[in-house]
Amino acid sequence: MNRPLSAIAGGVTGIAVMTLLLLFLEVETRSNLAIFEAVARFAGMPGNVTLGFLLFLLAGVFAWPLAFMALEQYIPGGPDPATRGMVLAVALWVVFVLTGRGDLSGGLLAIYIIFTLLAHLCYGFLLGAVYGRLTSESPVEADRYDPTDVSQ
């Protein structure tokens, strides 16, 4: 599969899991975190949760995966695309936490920080793992595949 489609497939997989984790967090905190509202606020449309959710999905499916594909060779984390995806996800998480936490404090802020980090790490891992698998760039595949061996 070509690299852009592999990156997008990784983004779809990662954002699906991340969305479920963040929706679970929203339910458990009775929507006190307003994560998708924070994305809308960052985009200059406060209060528009639907727009925030759509922007979140579009960035997770297209923008970040394609940026990952373009920057992968420069991201630290060794030869494993899943590890590199997690490194990218931590960078995205830092921006997410700094811009999206609003007026959270105390225990709710701690839950927000920990759970959004976990969600971002899951996203990055899946983005990189799916991308690596589909492009045959994962370390496991590299060990098994020998392009000079015509018997494979």
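Residues numbered from 1 in each chain as written. Predicted model: local features only at pLDDT ≥ 70, side-chain atom pairs only at ≥ 80, totals over all residues. Heavy atoms only, no water.

### A closer look at the pattern of salt bridges
Note the cut-off: Any carboxyl oxygen of Asp or Glu within 4 Å of a side-chain nitrogen of Lys or Arg constitutes a salt bridge here. The way it works is that DSSP assigns letters per residue, a run of H or I at least four long becomes a helix, a run of E at least two long becomes a strand, and they are numbered from the N terminus.
Tallied over the full model, the rule gives two salt bridges. A salt bridge links glutamate 37 to arginine 41, with the shortest nitrogen-to-oxygen separation between them at 3.3 Å. With a gap of four residues between them, glutamate 37 and arginine 41 both fall in helix 2 (residues 35-42), about one helical turn apart.

### Topic: the nonpolar core
Under the convention used in this document: Nonpolar core, defined: a set of buried Ala, Val, Leu, Ile, Met, Phe, Trp, Tyr and Cys residues in which side-chain atoms within 4.5 Å join the residues together. In this scheme, a residue with accessible area under 20% of its type's maximum is buried, one over 50% is exposed, and one in between is partly exposed, where area comes from a 1.4 Å probe on protein chains only. Only heavy atoms enter the contact rule, under which two residues are in contact if any of them lie within 4.5 Å.
Ranked by size, the top nonpolar core spans 29 residues in total, and within it Met18, Leu22, Ile35 and Tyr112 carry the most contacts. Dropping the residues within four chain positions of it, methionine 18 is found in contact with Phe56, Ala119, His120 and Tyr123.

### Re the environment of valine 90
Take valine 90: it is sitting in helix 4 (residues 81-100). Between the alpha carbons of valine 90 and histidine 120 there is a distance of 6.7 Å; along the sequence they are 30 residues apart. The residues contacting valine 90, other than those within four sequence positions of it, are Leu117 and Leu121.

### Topic: the side chain of glutamate 26
Note the following rule: Counted charges follow a simple rule, with Lys and Arg positive, Asp and Glu negative, and His plus the chain ends left uncounted.
Inspection of the secondary structure assignment puts glutamate 26 in helix 1 (residues 3-28). One buried charged side chain, glutamate 26, makes no salt bridge at all; its nearest oppositely charged neighbour is arginine 41, positioned 10.0 Å away. Glutamate 26 has contacts with Ser31, Leu33, Ala34 and Ile35, leaving out every residue within four places of it along the chain.

### Here we look at the environment of glycine 11
By the element assignment, glycine 11 lies in helix 1. In this structure glycine 11 comes out as buried when scored by relative accessible area, which is 0%. With 54 residues separating them along the chain, glycine 11 and proline 65 place their C-alpha atoms 5.4 Å apart.

### Concerning the packing of helix 1 against helix 5 (residues 106-134)
Rules: Helix axes are fitted only over the stretch in contact, all axes being lines through C-alpha atoms; the angle between N-to-C directions runs from 0 to 180 degrees. Roughly parallel covers angles under 35 degrees, roughly antiparallel covers those over 145, roughly perpendicular covers 65 to 115, and oblique covers all other angles. Here a crossing is called left-handed whenever its near helix is offset anticlockwise from the far helix by less than a right angle, and right-handed whenever the offset is clockwise. Here the nonpolar group is Ala, Val, Leu, Ile, Met, Phe, Trp, Tyr, Cys and Pro; Asp, Glu, Lys and Arg are the charged ones; every other residue, Gly included, is treated as polar.
The geometry of helix 1 relative to helix 5 is characterised by a closest axis approach of 7 Å and an angle of 155° between their N-to-C directions. As far as their axial angle goes, helix 5 and helix 1 are roughly antiparallel. Crossing angle aside, the handedness with which helix 1 passes helix 5 is right-handed. Looking at the contact of helix 1 with helix 5, its residues break down into 19 nonpolar, seven polar and one charged.

### A few points about the packing of helix 3 (residues 49-71) against helix 5
Packing of helix 3 against helix 5 leaves a shortest axis separation of 11 Å and a crossing angle of 60°. Considering only the axes of helix 3 and helix 5, their crossing is right-handed. Across from Ala59, Gly60, Trp64, Pro65, Phe68 and Met69 in helix 3, the residues of helix 5 making contact are Tyr123, Leu127, Gly128 and Tyr131. Tallied by class, residues from the contact of helix 3 with helix 5 come to eight nonpolar, two polar and no charged.

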